[in-house]
Amino acid sequence: LLRGGHRDEARHAFEEAHELGGHNLRVNMPLARLLATGGDNERAATLQQWALDQLWRSRDKDRLAEAGIFAGQLFERLERLEQARKSYRLVLASHPLDSAAVLGLARTSMAMGDTDRAQAEFEKIAIRAGSRASTEQRAEAQLGLGLCWKARGKPQRARTCFKRALELNAKLDRARIELESI
């Protein structure tokens with residue numbers, strides 16, 4: 001059903017399977033994605049957190065990383081930032097160079113007012129690990145660095161980062177808005 005593009009039918013089938021079989025990784029993980037796509041982030045986060053706990057016990061590092069990043073993103077959407085940070089840190093414990101997890105940790109640190117931590121994490125992507133990160137991730141990291149410098153009262157450094165972000169991704173509207181505001 002999913003491959004055929006029948007998301008509503010697939011969600012219904014996964015929900016029935018969940019009700020009949022309780023907790024099962026093969027059911028909960030796809031169901032969480034379908035629920036999130038439909039806007040039910042709360043239920044999706046609950047299912048994804050359960051999956052993350054199960055994968056931690058199994059020590060399947062690759063699936064753990066995938067589940068942890070998605071859980072972190074869901075918790076960010078729900079503004080449960082400490083849970084998001086915990087999910088990203090769990091990923092980084094087994095995949096220390098995972099760009100999505102580093103960026104997630106940086107974003108949540110910034111949102112929680114920890115500019116020092118946020119800047120250190122953004123720098124890992126923008127400066128040190130640039131070759132491992134995608135162009136979009138490097139652009140997001142430059143945007144984040146610009147926000148850190150802006151928060152520190154360093155408009156010239158912020159401007160440089162916002163310009164770099166736009167050079168990497170011209171569609172990054174937030175960087176354009178921030179650049180115009182300085």
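It should be noted that the structure appears before, not after, this text.
Residues numbered from 1 in each chain as written. Predicted model: local features only at pLDDT ≥ 70, side-chain atom pairs only at ≥ 80, totals over all residues. Heavy atoms only, no water.

**A word on the state of the cysteines**
Using the following cut-off: Note on disulfides: each one is a pair of cysteine sulfur atoms within 2.5 Å. For the exposure calls, accessible area comes from a 1.4 Å probe over protein chains only, and a residue counts as buried if that area is under 20% of its type's maximum, exposed if over 50%, partly exposed in between.
Within this structure, the stated rule accounts for 0 disulfides. Cys148 forms no disulfide, and the closest cysteine sulfur to it belongs to Cys161, at a distance of 8.7 Å. On the basis of relative accessibility, which here comes to 5%, the residue Cys161 falls in the buried class.

**A short note on the nonpolar core**
In plain terms, the rule: Only buried residues count toward a nonpolar core, which is a set of Ala, Val, Leu, Ile, Met, Phe, Trp, Tyr and Cys residues joined through side-chain atoms within 4.5 Å. Helix and strand labels come from DSSP, where a helix needs a run of H or I of at least four residues and a strand needs a run of E of at least two; each type is numbered from the N terminus. Only heavy atoms enter the contact rule, under which two residues are in contact if any of them lie within 4.5 Å.
One finds Phe122, Leu143 and Leu172 to be the most contacted residues of the largest nonpolar core, which totals 48 residues. Among the elements of the structure, α2 (25-37), α3 (41-58), α4 (61-77), α5 (81-94), α6 (99-111), α7 (115-128), α8 (135-151) and α9 (155-168) are those that each provide at least two residues to this core. With sequence-adjacent residues up to four places away left out, Leu172 is seen in contact with Ala139, Glu140, Leu143, Ala165 and Leu166.

**Section: the packing of α4 against α5**
Definition in use: Only C-alpha atoms enter the line fits that serve as axes; for helices the fit covers just the stretch in contact. Angles between N-to-C directions range over 0 to 180 degrees. Any angle that falls under 35 degrees is termed roughly parallel, while one over 145 is termed roughly antiparallel, one within 65 to 115 roughly perpendicular, and all others oblique. For any pair of crossing helices, the crossing counts as left-handed if the nearer helix is rotated counterclockwise from the farther one by less than a right angle, and right-handed if it is rotated clockwise.
One way to put it is that α4 packs onto α5 with a least axis distance of 8 Å and a crossing angle of 160 degrees. Between α4 and α5, the crossing angle belongs to the class labelled roughly antiparallel. Between α4 and α5 lies a crossing of left-handed hand. Packed against α4, whose contacting residues are Lys61, Leu64, Ala65, Gly68, Ile69, Ala71, Gly72, Gln73, Phe75 and Glu76, the element α5 presents Leu81, Gln83, Ala84, Ser87, Tyr88, Leu90, Val91 and Ser94 at the interface.

**Examining the packing of aromatic side chains**
Working definition: an aromatic ring pair is given by the centre-to-centre distance plus the angle between the planes. Let me state the cut-off plainly: Stacked, tilted and edge-to-face are the three classes applied to pairs of Phe, Tyr and Trp rings, where Trp contributes its six-membered ring and a pair requires centres within 6.5 Å; stacked means planes under 30 degrees apart, edge-to-face means over 60, and tilted covers the rest. Each ring is checked for a lysine NZ or an arginine CZ that lies within 6 Å of its centre and within 35 degrees of its normal; such an atom marks a charge sitting over the ring.
Counted under the stated rule, the structure contains 0 aromatic pairs. The ring centre of Phe70 lies 4.0 Å from the NZ or CZ of Arg33, which sits over that ring. For the cation-ring pair, Arg157 lies above Trp149, with the distance from its terminal atom to the ring centre recorded as 4.5 Å.

In short, geometric facts, not functional conclusions.
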